[in-house]
Amino acid sequence: MKRTEILVSGFGGQGVVRLGQIFSTAAVYEGLFTTMLVSHGTETRGGYVRSQIVLSGSPIDSPVVETPDYFCAMSKAAYTKFGALVTQGTIIFDPGYIEPDPGFVAQHTALPAREIAVNELGRDIFANIIFLGMLGQQLKTAISKESLLKALEARVPKFVEENQKAFEFGYKFA
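Residues numbered from 1 in each chain as written. Predicted model: local features only at pLDDT ≥ 70, side-chain atom pairs only at ≥ 80, totals over all residues. Heavy atoms only, no water.

## Looking at the overall build of the protein
If you tally the helices and strands in the protein, you get six helices and six strands. For the protein, the C-alpha radius of gyration of 15 Å lies close to 16 Å, the compact-globule estimate for 174 residues. Dimensions of the protein along its principal axes, counting C-alpha atoms only, are 40 × 40 × 35 Å. Of all 174 residues assigned to the protein, the portion counted as buried reaches 48%. Taking the intrachain contacts of the protein between residues at least 6 apart in sequence as the baseline, contacts between residues at least 24 apart amount to 58%. For the protein, the accessible surface area stands at approximately 8,500 Å², while carbon and sulfur atoms represent 51% of it. Taken as two groups, the 16 positive and 17 negative side-chain charges of the protein have centres that lie 4 Å from each other. (Helix = DSSP H or I, 4+ residues; strand = E, 2+ residues; numbered from the N terminus. Rg over C-alpha atoms; globule rule 2.2 N^0.38 Å. Buried < 20%, exposed > 50% of the residue type's maximum accessible area, 1.4 Å probe, protein only. Contact = heavy atoms within 4.5 Å. Areas by Shrake-Rupley, 256 points an atom, 1.4 Å probe, with all protein chains shown as cover. Lys, Arg positive; Asp, Glu negative; His and termini not counted. Charge placed at Lys NZ, Arg CZ, Asp CG, Glu CD.)

## Digging into the sheet that holds strand β5 (residues 90–93)
Strand order in the open sheet formed by six strands is β2-β3-β1-β4-β5-β6, and the pairing between neighbours is mixed. Because the sheet does not close on itself, it has two edges, and the strands there are β2 (33–40) and β6 (107–110). Here the strands of the sheet are splayed against their neighbours by 15° on average, with no regard to which way each runs. Here four bridges tie strand β4 (residues 70–73) to β5, and the two strands are oriented parallel to one another. Each residue of the ladder has a partner; that of alanine 73, found in β5, is phenylalanine 93. (Pairing = 2+ DSSP bridges. Axes fitted to C-alpha atoms, helices over the stretch in contact; angles between N-to-C directions.)

## Regarding the layout of surface pockets
Reported here for the largest pocket is a volume of approximately 350 Å³. Taken together, 22 residues form the lining of the largest pocket, with Gly13, Gln14, Ile125, Phe126 and Asn128 sitting closest to its centre. Going through the elements one at a time, α3 (113–121) and α4 (127–138) are the ones with two or more residues in the lining of the largest pocket. Of the residues forming the lining of the largest pocket, the biggest block, four residues, is contributed by α4. Of the residues assigned to the lining of the largest pocket, the class counts are 11 nonpolar, six polar and five charged. (1 Å grid on protein atoms, 1.4 Å probe; cavity = no way out; pocket = protein on both sides within 12 Å on 5 of 7 lines; lining within 4 Å. Points joined across faces, edges and corners; volume = space filled by probe spheres on them. Nonpolar A, V, L, I, M, F, W, Y, C, P; charged D, E, K, R; others polar.)

Shown next as structure tokens:
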């Protein structure tokens, strides 16, 4: 597998770090090399959170995501701050938070994750797992659905059934 860069960003409390941990764990299950960096804004509450995930079939020389192949934009601030970095990849965004910028050259894929989480599962805390499902669908040739579900249960042992449903909503979203 060639080097694949994934950027996930939103505001604190949206599960950005957890999504990165689950995805990286699934990559390890697949025998891939992976790194993950986490950074936070300087705000005490409500600031941005970013997970940078790199996957590869060979050792990774730098864990820094410079030109994301995939960007999961979970907030308007994240989209505004990092969207221009995606020059040849895909931005998966929540239209409940974000109006796409026509100046960004990346392919855009709308995923109303928060709306689905609230309407189908009763709580918005599952939105990050819906993003995980869509990201898993995008990278299904590199990481199996089974590895992602196994990593999800290992990293989030609570709400197993709800998380599996949330994952499926994202995985099957068309």
